[in-house]
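# A structural walkthrough
Given next are the chains, with one letter for each unit.
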Amino acid sequence: MINKKILSFIVISYIGLTGFINQDSDIYFKISKSIDIFGKVYKEVAMNYVDDVNPENFMVAGIKGMLTSLDPYTNYIDETMKKDFDIVTTGKYGGIGTSVGLRNDKVTILELMEGYPAQRQGLRVGDEIIKVDSIELSKENYEELSSYLKGEPGKIVQLTVERDGVEDELLFEIVLEEITVKNLTYYGFVPDSKNVAYLKLSGFSRSAGTEVKNALVDLNKTAEISSIIFDLRGNPGGLLDQAIDICEKFLNKEQLIVSVVGRDSQSAVKYHAEEEPLVKNKKVIVLIDGGSASASEIVAGAIKDHDRGVIVGVQSFGKGLVQTVLPLSFNTSLKITTAKYFTPSGRCIQRIDYTKNNNLLNGVNTVKDEGFYTDNMREVFANGGIVPDTIVSNKSESKQILALLARGMFFRFATYYFNTNSVSDISLLDGSELYMKFITYIKENKFDYSSKSEKILEDLRLIANEEEMNEEVFELISNLDKEYKDEKISELAKYKNEIIYLIEEELAARVDGRSGRILQALKHDSQFDVALSILGDESTYNKLLGVTN
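Just so you know, these numbers come straight off a predicted model, no measurement behind them.

## Considering the overall build of the protein
- Along the protein, the regular secondary structure elements total 16 helices and 23 strands.
- In terms of principal-axis extent, the alpha carbons of the protein reach across some 105 × 80 × 65 Å.
- Expressed as a percentage of the 549 residues in the protein, the buried residues total 41%.
- Sequence-distant contacts, at least 24 apart, represent 68% of the contacts inside the protein between residues at least 6 apart.
- The distance from the centre of the 63 positive side-chain charges to the centre of the 83 negative ones in the protein is 5 Å.

In C-alpha cells, the structure reads:
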C-alpha cells in the first residue's frame, strides 16, 4: 500500500509541476499568437497600403516601436550600426583617427588621435569636413558619416575641408589604417613633484584593464607611486569584464566586486577579485560626475563600498542595468537588458525605474533604500547613482559662460585664433589679450545670450503694447532692459579668468592634442585640487573613509 505521505507529495509535486507547465504554455501561446498577429499586420500593410512601403524600413520601425516600451538601452543593431558597436567590443576599427561631431550644423573635427593618418597629414581640430569623396556632408546625412570614414585598412578617402581663417578649401587624400581605441587617454605624475599617479580613463572597451595595468607598472618604474587619482569623469562605461579587471588592480583578492542578477532573482552571479592588487595600500581617489555611468559606477561603487578610496566630484549618472548582445540573422543584433548589477554592499544604483511603478517622480525613483553599509559601516544608498564622499562641482556659476560653452564659442574662437596666429606654447600667451580678442569675436559673430529676466521683460513689453500702456511704462521697461545688458557685460568681466582658462584649454588641444587639453584643464580643476588636498591630509582621508584609530 502506498504511503499516504508519499502519495500526498506526488500529488502536490504534480500540481506544482502542472502549474509551471501551464504557466510556460501560457506565455508561449501568447508569444505565438502575438507573432502571428504582428506578421499578418506587417504583410497586409506592406502589400496593400495605398502608398509604396519599404518592407525593411517598415519592419525596423515595428521593432523600434516594440523596444521603446522598454528601457533606452535595449536596442536593435542593424548592419550599418554594427561596425560602430563592434568598436566597443574589439577596441579597433579601420579609419583616419578622428573624433567628429556637429558644430553649428557643420561636420567638424573635434579631436585628432596622435600618430594616425588625420594628424600626420595635417588635419586640425576645428576643420569642417564638407565632402567625403563625392558625397557632400550636412547634418541631414551626418548619421551615415561613419560608413564614409571607416572601412578596411588601405582604403583611400578624399576629404574636402574648410578651415576657419583660410580662404580656399583644402583637399586631403588619406589612407585608412587600423585604429586602436585608447581607453586610458592620459596617465602620468601630476604634479611631478608629489608622485601622485593621475589616470584618465575614458572608456571600457576590450583593452581597458590591460591599459590601466601597463600604466601603473610604467609609472612605478619611473618613481614610486605615493597615491592615485583615478579620473572616471565623463566615462559612459562599456564592458562589464573590463570593469571587473580594473577593480582587481585596487581591491584585495577574494573581495566581492559586483553581483549581477537577472529575471530569476535567486540566481545571482557574483564576481570576486581573483588576483592580488597591483597597488596595495596606496591611497586612492576616484573622480566622478554626472557623465560617469555603468562600468564607471561599478568601479566607483566597489571602491566606495570596500572603503578602498575616497570618491570626489558630483553624483554619477545612475545606470545599474546590464546589457547582453544577442546575434540575429543578416548581420544584425539585439542589445537587450538582461540583468541589474549590485555593488558589494548590496545596492542597485539605477536612478530611473523603467518598470513605471508608483515610486516615480518624473521617471526618477524616489524611494531611498536604507540599510546598506560599507566595510567601515558608512551608510550608503541605492537608486541614485554613486554619491561622492566629498561633493565638489566644476560647473561654472556664470549662465553666460554656460551658454557660450553650449554654443561652441570657445571652440570656434580657438579654431580661428590657432589658424590665424602662431601658437606653440600656451604659457607664453597674454591672457588679457586673449580675453579682449574673444569678446570682439563673439560680438562679430553676433552671440546673444538672453537671460530669463530679459525674456520676462520682453513678454512684459508685448503685454504693455497690447494693453496700450503709457510711455512711462515703456521707458521703465527700456531702462530695466539696459541695466540687464550692462550687467551681462560686467558679468563677463567678472569671470574673465575663467574665460581665459577655457580658451587656453581649447588652444592646448590644438597644440598638444588630447593630453594637452587634459593637462591644461587640470591647472584650474576644482575637483582635482580637492583630491590633491585630501591626499595630502592623512587625517581627512581616513575620516572620509570611516577609519577609526
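## Quick look at the nonpolar core
- Residues Leu199, Ile228, Phe230, Ile246, Ile257, Val286 and Val299 are the most contacted members of the largest nonpolar core, which totals 41 residues.
- A per-element tally of this core places helix α8 (residues 295-305) first, with 6 residues.
- Those residues in contact with Val286, other than ones at most four positions away along the chain, are Phe230, Leu232, Ala300, Ile303, Val310, Ile311 and Val312.
- Core analysis: the second largest hydrophobic core is formed by 27 residues, Leu404, Ala414, Val423 and Ala508 among them.

## Description of the pattern of salt bridges
- Within the structure shown, the criterion is met by 23 salt bridges.
- Where Asp231 meets Lys200, a salt bridge forms, and the shortest distance between an N and an O atom there is 3.7 Å. On the criterion of sequence distance, the pair formed by Asp231 in strand β12 (residues 227-231) and Lys200 in strand β11 (residues 196-201) is long-range, its members being 31 residues apart.
- Look at Asp231 and you get buried, because its relative accessible area is 1%.
- Accessibility expressed as a relative area gives 13% for Lys200, which makes it buried.
- Residues Arg517 and Glu505 are paired through a salt bridge, measuring 3.8 Å at the closest nitrogen-oxygen approach.

## Some details on unusual backbone geometry
- Note that the residue after Val190, namely Pro191, is joined by a cis bond; omega there is -10°.
- For Pro191, the location among the structural elements is in the loop between β10 (184-189) and β11.
- A positive phi angle, close to 55°, is found at Asp133, a residue other than glycine.
- Relative to the assigned elements, Asp133 resides in the loop between β5 (128-132) and β6 (135-136).
- Judged by relative accessible area, which is 35%, Asp133 ranks as partly exposed.
- Of note in the backbone geometry, Phe330 takes a positive phi value of approximately 60° without being a glycine.

## What to know about the packing of helix α10 (residues 409-420) against helix α11 (residues 431-444)
- Viewed as axis vectors pointing N to C, α10 and α11 meet at an angle of 110°, and their least axial separation amounts to 11 Å. It follows from the interaxial angle that α10 and α11 lie roughly perpendicular. In the packing of α10 onto α11, the handedness of the crossing is right-handed. When α10 is examined against α11, the residues Met409, Phe410, Arg412, Phe413, Tyr416 and Tyr417 are found in contact with a partner set consisting of Leu434, Lys437, Phe438, Tyr441 and Ile442.
- Taken together, the residues that form the contact of α10 with α11 break down as 9 nonpolar, no polar and 2 charged.

## Regarding the sheet that holds β10
- The strand order across the open sheet formed by 6 strands is β10-β11-β12-β15-β16-β23, and the pairing between neighbours is mixed. Looking at strand neighbours, the two that pair on one side only are β10 and β23 (390-391), the edges of this open sheet.
- Across the face of the sheet, helix α15 (residues 526-535) comes into contact with β11, β12, β15 (283-288), β16 (310-313) and β23 while running at roughly 165° to β15.

## Quick look at a negative patch on the surface
- A contiguous patch of negative charge on the surface is contributed by Glu162, Glu167, Asp168 and Glu169.
- Tracing the sequence through the fold places Glu162 in strand β7 (residues 156-162).

## As for the packing of aromatic side chains
- In the structure shown here, the tally under the stated rule is 10 aromatic pairs.
- Through successive ring pairs, a cluster of aromatic residues spans Phe410, Phe413, Tyr416, Tyr417, Phe438 and Tyr441.
- Sitting over the ring of Phe411, Arg103 keeps its end group 5.4 Å from the ring centre.
- Stacked on the ring of Phe411, the Lys or Arg Arg510 has its end atom at 4.7 Å from the ring centre.

## Considerations on helix α9 (residues 399-406)
- Within α9 the residues assigned to the buried category are Gln400, Ile401, Ala403 and Leu404. Considered in projection along α9, the buried side chains sweep an arc of 160° and stay on one side of the axis. Away from its buried face, by an angle of more than 90 degrees, α9 presents the exposed residues Lys399 and Ala406.
- Regarding α9, its N-cap is Ser398, as a side-chain oxygen of that residue lies 3.3 Å from the backbone nitrogen of Gln400 further along.

## Remarks on the side chain of Arg378
- The residue Arg378 is located in the loop between β21 (372-373) and β22 (379-380) in this model.
- A polar side-chain atom of Arg378 sits 3.4 Å from the main-chain carbonyl oxygen of Lys304.
- A distance of 2.9 Å separates a polar atom in the side chain of Arg378 from the backbone oxygen of Leu544.
- Setting aside chain neighbours within four positions, we find Arg378 in contact with Lys304, Asp307, Phe372, Tyr373, Asp389, Leu544, Leu545 and Gly546.

## Here we look at the state of the cysteines
- Evaluated as defined, the whole model comprises 0 disulfides.
- Cys247 supplies the cysteine sulfur nearest to Cys348, a cysteine that is in no disulfide, at a spacing of 16 Å.
- Judged by relative accessible area, which is 10%, Cys348 ranks as buried.

## Some remarks on the confidence of the model for the protein
- Summing up the model confidence of the protein, the mean pLDDT is 88 and the portion of residues at 70 or higher is 90%.
- Low pLDDT, under 50, characterises residues 4-18; the stretch is placed with 1 contact to residues that sit more than four places away or in other chains.
- Below a pLDDT of 50 lies the segment residues 358-367, which in the model reaches 15 contacts outside its immediate sequence neighbourhood of four places, other chains included.

## Looking at the environment of Lys249
- Counting through the fold element by element, Lys249 comes out in the loop between α7 (240-247) and β13 (256-261).
- With relative accessibility at 3%, the residue Lys249 sits in the buried group.

## As for the packing of α10 against helix α14 (residues 496-522)
- Contact pair α10 / α14: the axes reach a minimum separation of 9 Å and the direction vectors enclose 55°. As summarised for this structure, α10 and α14 are arranged oblique, according to the angle between their axes. When you trace α10 past α14, the crossing you get is right-handed. Residues Phe410, Phe411, Phe413, Ala414, Thr415, Tyr417 and Phe418 of α10 touch α14, and the partners they reach there are Ile499, Leu502, Ile503, Glu506, Leu507, Arg510 and Val511.
- Its residues placed into classes, the contact of α10 with α14 shows 11 nonpolar, 1 polar and 2 charged.

Parameters and conventions
Residues numbered from 1 in each chain as written. Predicted model: local features only at pLDDT ≥ 70, side-chain atom pairs only at ≥ 80, totals over all residues. Heavy atoms only, no water. Helix = DSSP H or I, 4+ residues; strand = E, 2+ residues; numbered from the N terminus. Buried < 20%, exposed > 50% of the residue type's maximum accessible area, 1.4 Å probe, protein only. Contact = heavy atoms within 4.5 Å. Lys, Arg positive; Asp, Glu negative; His and termini not counted. Charge placed at Lys NZ, Arg CZ, Asp CG, Glu CD. Core = buried A, V, L, I, M, F, W, Y, C linked by side-chain atoms within 4.5 Å. Salt bridge = Lys/Arg side-chain N within 4 Å of Asp/Glu carboxyl O. Axes fitted to C-alpha atoms, helices over the stretch in contact; angles between N-to-C directions. Parallel < 35°, antiparallel > 145°, perpendicular 65-115°, else oblique. Left-handed = near helix turned anticlockwise from the far one by under 90°. Nonpolar A, V, L, I, M, F, W, Y, C, P; charged D, E, K, R; others polar. Pairing = 2+ DSSP bridges. Patch = residues over 30% accessible without salt bridge, like charges linked within 9 Å, V, L, I, M, F, W, Y side chains within 5 Å. Areas by Shrake-Rupley, 256 points an atom, 1.4 Å probe, with all protein chains shown as cover. Phe/Tyr/Trp six-rings, centres within 6.5 Å; stacked < 30°, edge-to-face > 60°. Lys NZ or Arg CZ within 6 Å of the ring centre and 35° of its normal. Arc of directions from axis to C-beta. Polar contact = N/O pair within 3.5 Å; in protein donor to acceptor, adjacent residues only side chain to side chain. Disulfide = S-S within 2.5 Å. pLDDT = per-residue confidence, 0-100.

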